[in-house]
Amino acid sequence: MVSARGVGYDDVDDGRNETPTERADRNWNEVLQELRVLQTGTQILTGFLLALAFQPGFAELNDGQRLLYLTLVVLAALTAIVALAPVALHRVLFRRMAKPRVVAYGHAALVTSLVTVSLVLVGVVAFVFDFVVSDAAAVVASVALGIVIVVLWVIAPVVIRKRHSERVSR
């Protein structure tokens, strides 16, 4: 496409007037920043879970609590693996002119990681409430947290996106 800046610029009307390569670079930097935020939280949760196995009270867990604990450890590890996958892909495709594919893969990995980290968050709260209070309290706390996650991570962004799209299209 030809723009005011010259040949090679795209026609995406977002006010940025950048080439596809510049857009891919900017989007990759945004994906990396989001990965950093996600990875920090995931590392803290994973560290918490791994440390639990070495606590004296761990022996008091019943079979259901042990199963939940092991499920959470696997989910935390899976979250870290999926969140790091775009970095691995970037290394493999480095200097191969595939940045838009890396960005798309990174987006999919981030969405998947948000789903798995939400399961870990809800599960950790359920686990703690089950151990400290009761299984009924665990259900109430995890359902409440799940609702908060859905509202803040799904509903609010969709509503904001819709309102923004309506405002831009006027």
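Each residue is numbered by its place in its chain's sequence as written, counting from 1. Owing to the predicted nature of the model, reporting of local features is limited to residues with pLDDT of at least 70; listing and counting of side-chain atom pairs is limited to 80 or more, with chain, interface and lining totals taken over all residues. Excluding hydrogens and water, the side-chain values take into account all heavy atoms of the structure.

Across its full length, the chain carries 4 helices and 2 strands. Elements are defined by DSSP. Helices are runs of H or I of four residues or more, strands are runs of E of two residues or more, and each kind is numbered from the N terminus. Traced from its N-terminal end to its C-terminal end, the chain shows the element sequence β-β-α-α-α-α. Its C-alpha atoms give the chain a radius of gyration of 21 Å, more than 25% over the compact-globule value 15 Å for 170 residues. Judged by the C-alpha coordinates and their principal axes, the chain covers about 70 × 40 × 15 Å. For every residue, the accessible area (1.4 Å probe, protein chains only) is compared with the maximum for its type, and the residue is labelled buried under 20%, exposed over 50%, or partly exposed between those bounds. Within the chain, the fraction of its 170 residues that count as buried is 32%. The contact definition used throughout considers only heavy atoms, calling two residues in contact when any of these lie within 4.5 Å. Residue pairs in contact within the chain that sit at least 24 positions apart in sequence constitute 57% of those at least 6 positions apart. When the accessible surface of the chain is split by element, carbon and sulfur atoms take 67% of a total near 11200 Å². Charge-centre separation for the chain: the mean point of 16 positive side chains lies 7 Å from the mean point of 14 negative side chains. Radius of gyration: over C-alpha atoms. The globule rule applied is 2.2 Å multiplied by the number of residues raised to the 0.38 power. The Shrake-Rupley method, run with a 1.4 Å probe, gives the accessible areas here. Residue values count only the displayed protein chains as cover. Charge counting treats Lys and Arg as positive and Asp and Glu as negative, with His and both chain ends excluded. Charge coordinates come from a single atom per side chain, which is NZ of Lys, CZ of Arg, CG of Asp or CD of Glu.

Here we take up the nonpolar core. Core analysis: the largest hydrophobic core is formed by 22 residues, its most contacted members being L49 and V120. Looking at this core, the elements that each hand over two or more residues are helix 1 (20-52), helix 2 (63-93) and helix 3 (99-132). It is helix 1 that provides the largest number of residues to this core, a total of 8 residues. Apart from the residues lying within four places of it in its own chain, the contact partners of L49 are Y69, L72, V73, A76, V120 and V124. Working definition of a nonpolar core: buried Ala, Val, Leu, Ile, Met, Phe, Trp, Tyr and Cys residues. They are joined through side-chain atoms within 4.5 Å.

Summary of the metric used: pLDDT quantifies the predictor's per-residue confidence within the range 0 to 100. Chain-level pLDDT for the chain is 88 on average; 92% of the residues reach the 70-or-more range. The element-level mean pLDDT for the chain is lowest in strand 1 (residues 2-3), coming to 46, with helix 4 (residues 135-169) highest at 94.

Before going further, it helps to spend a moment on the packing of helix 3 against helix 4. Across the interface, helix 3 lies against helix 4 with an axial gap of 7 Å and an inter-helix angle of 155°. Between helix 3 and helix 4, the angle is such that the two are roughly antiparallel. The element helix 3 and its partner helix 4 pack so that their crossing is right-handed. Facing L114, V117, S118, L121, V122, V125, A126, F129 and D130 of helix 3, the residues of helix 4 in contact are D135, A137, A138, A141, S142, L145, G146, I149 and W153. Axes here mean lines fitted to C-alpha atoms, for a helix over just the part in contact, with angles spanning 0 to 180 degrees between N-to-C directions. Every angle not falling under 35 degrees, over 145, or within 65 to 115 is termed oblique; those three ranges are roughly parallel, roughly antiparallel and roughly perpendicular. Each crossing gets its hand from how the near helix is turned against the far one by less than a right angle, where anticlockwise is left-handed and clockwise is right-handed.

A carboxyl oxygen of Asp or Glu within 4 Å of a side-chain nitrogen of Lys or Arg is what we treat as a salt bridge. Throughout the structure, instances matching the rule amount to 5 salt bridges. Across the pair K162 and E166 runs a salt bridge, and its minimum N-O distance is 2.8 Å. Highlighted residues: K162 and E166, both in helix 4, separated by 4 residues, approximately one helical turn. Here E166 falls in the partly exposed class, since its relative accessible area comes to 35%. Where salt bridges share partners, they join E18, R23, R26 and E30 into one cluster.

Right, let's get into the environment of L38. Within the fold, L38 resides in helix 1. Sequence separation of L38 and H164 is 126 residues, and the distance between their C-alpha atoms is 25 Å. For L38, the contacting residues outside a window of four places in its chain are A83, L110, S113, L114 and V117.

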